[in-house]
Amino acid sequence: FVQNDEIKYSISDSNSTIVPLPLYEAKKRSQILALLNVSSGTAEINEQSMANLDAVCLYSLPDGITDLIGLVPSSSYASWVDLNLKGGSNTLTHVYMEHDRMALVVSKNGKLLFQNWFSLNSKEDAIYFLLATLEGLNILHTEVKYVLTGDIGKRDELYPLIEKYLPKLVFADRPKQLNYA
């Protein structure tokens, strides 16, 4: 994307995870991403600081991409989470839909409570993972604001199901400076 006449690159890839700073050790980056089945032998491992969350995002890039473009692209997933947490003082639930996968991030007062990627075999899986996660965190699903983004719109089959169970559902705003090419 272009920002202030400067070209910046961002990669959209589900091979990323957010780690709370108190639990993060840079020397264990490979081990952490290995939990996502990412081999450091076939990928560059990078980290991105989170401005609005007490955490760091680890993400993988294909080997050689930084040499090809001359810089390290940011993680669009980390940028999305960070942007949506800006100014958040209550419990927020962020849902990112990506084909047959869903990212779920729950935070409260800028602190990460939960983050995970889920594989979806049916549209009901999304509701199950959302409700089960919130129940496990002792959060009442009718009391939380949900920010929805990704590969989903109001005309998708999944949307009415999500809207039925999650009354405080909104779509994420697209950053004004983001231009798609």
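Quick notes on the rules
- Just so you know, the residues in each chain are numbered from 1, in the order the chain's sequence is written.
- Totals for whole chains, interfaces and linings use all residues, but because this is a predicted model, local features are given only for residues with pLDDT of at least 70 and pairs of side-chain atoms are given and counted only at 80 or more.
- No hydrogens and no water enter the side-chain calculation; it runs on all heavy atoms of the structure.
- Only rings of Phe, Tyr and Trp enter the pairing, Trp through its six-membered ring, and a pair is recorded when the two centres are within 6.5 Å. The plane angle decides the type: under 30 degrees is stacked, over 60 is edge-to-face, the rest tilted.
- Any residue under 20% of the maximum accessible area for its type is buried, any over 50% is exposed, and the rest in between are partly exposed; the area is computed with a 1.4 Å probe on protein chains only.
- Helix and strand assignments come from DSSP, with helices taken as H or I runs of at least 4 residues and strands as E runs of at least 2, each series counted from the N terminus.
- In this description, contact between two residues means that some pair of their heavy atoms is separated by no more than 4.5 Å.
- Strands were regarded as paired on the criterion that DSSP finds at least two bridges between them.
- Just to be clear on terms, a salt bridge is a Lys or Arg side-chain nitrogen sitting within 4 Å of an Asp or Glu carboxyl oxygen.
- Here the expected length of a helix is defined as 1.5 Å per residue gap, with one fewer gap than residues.
- Among buried residues, those of type Ala, Val, Leu, Ile, Met, Phe, Trp, Tyr and Cys that are joined through side-chain atoms within 4.5 Å constitute a nonpolar core.
- Of all possible arcs, the one meant is that of the directions from the helix axis to the C-beta atoms.

> Explain the packing of aromatic side chains to me, please; I cannot follow it from the model alone.
The description of an aromatic ring pair rests on the distance of the ring centres and on the angle between the ring planes. In this structure the tally under the stated criterion is six aromatic pairs. Ring centres of Phe114 and Phe118 lie 6.2 Å apart, and the angle between their planes is 15 degrees; this geometry places the pair in the stacked category. Overall, the relative accessible area of 11% leaves Phe118 in the buried class. Aromatic side chains Tyr159 and Phe171 sit 5.5 Å apart centroid to centroid with 15 degrees between the ring planes, which places their arrangement in the stacked category.

> Can you walk me through the environment of Lys145 in this structure?
You can see Lys145 is positioned in strand β11 (residues 145-150). Exposure remark for Lys145: the relative accessible area of 41% places this residue in the partly exposed category. Along the sequence, Lys145 and Asn90 sit 55 residues apart, while their C-alpha atoms lie 8.6 Å from each other. With residues near it in sequence (within four places) discarded, Lys145 still touches Thr91, Leu92, Thr93, Lys168 and Val170.

> Even after reading the chapter, I still don't get the pairing of strand β10 (residues 111-119), so can you show me in this structure?
Summarising the sheet, strand β9 (residues 101-108) and β10 pair through eight bridges and their orientation is antiparallel. Along β10, the bridge assignment pairs Leu104 with Asn116. In this antiparallel pair of consecutive strands, β9 and β10, the connection spans two residues, and Asn109 shows a positive phi of 50 degrees.

> Explain the pattern of salt bridges here, please?
Oppositely charged side chains may form a pair once their charged atoms are brought near each other. Under the counting rule described, the total for this entry stands at four salt bridges. Salt-bridge contacts for Glu25 lead to Lys27; the nearest nitrogen and oxygen are separated by 3.9 Å. The partner of Lys123 in a salt bridge is Glu157, with the nearest N and O atoms 3.8 Å apart. With Lys123 in helix α4 (residues 123-136) and Glu157 in the loop between β11 and α5 (158-165), this residue pair connects regions lying 34 residues apart in the sequence. Overall, the relative accessible area of 35% leaves Lys123 in the partly exposed class. Accessibility expressed as a relative area gives 63% for Glu157, which makes it exposed. Counted as one network, the salt bridges with shared partners bring together Glu25, Lys27 and Lys28.

> Can you walk me through α4 in this structure?
Given 3.6 residues to a turn, an α-helix orients residues that are three or four positions apart in the same direction. Taking 1.5 Å of rise per residue, 14 residues should cover 20 Å, and α4 covers 21 Å from first to last C-alpha, within 8% of that figure. Where α4 is concerned, the buried positions are Asp125, Ala126, Ile127, Phe129, Leu130, Thr133 and Leu134. Looking at the buried positions of α4, the neighbouring elements they touch are β8 (91-98), β9, β10, β11 and α5. Downstream of α4 by a residue or two, Asn138 has a phi angle that is positive, lying close to 55 degrees.

> What's the story with the nonpolar core in this structure? I'm lost.
As a rule of thumb, soluble globular proteins bury nonpolar side chains together. Formed by 23 residues in total, the largest nonpolar core has its most connected members in Val95, Met97, Met102, Leu148, Ile152, Leu158 and Ile162. The set of elements that each furnish at least two residues to this core consists of β8, β9, α4, β11 and α5. Here the element with the most residues in this core is α4; it accounts for five residues. Beyond its immediate stretch of four places on either side in the chain, Met102 contacts Val95, Tyr96, Met97, Asn116, Trp117, Phe118, Leu120, Ala126, Phe129 and Leu130. One finds Ala55, Tyr77, Leu85 and Val105 within the second-largest nonpolar core, a separate group that totals 19 residues.

> Would you take a moment to explain α5 for this structure?
Here α5 has its buried residues at Leu158, Tyr159, Leu161 and Ile162. On an axial view of α5, the arc spanned by its buried residues comes to 165 degrees, and they lie on one face. Packing partners of the buried residues in α5 comprise β8, α4, β11 and β12 (169-171).

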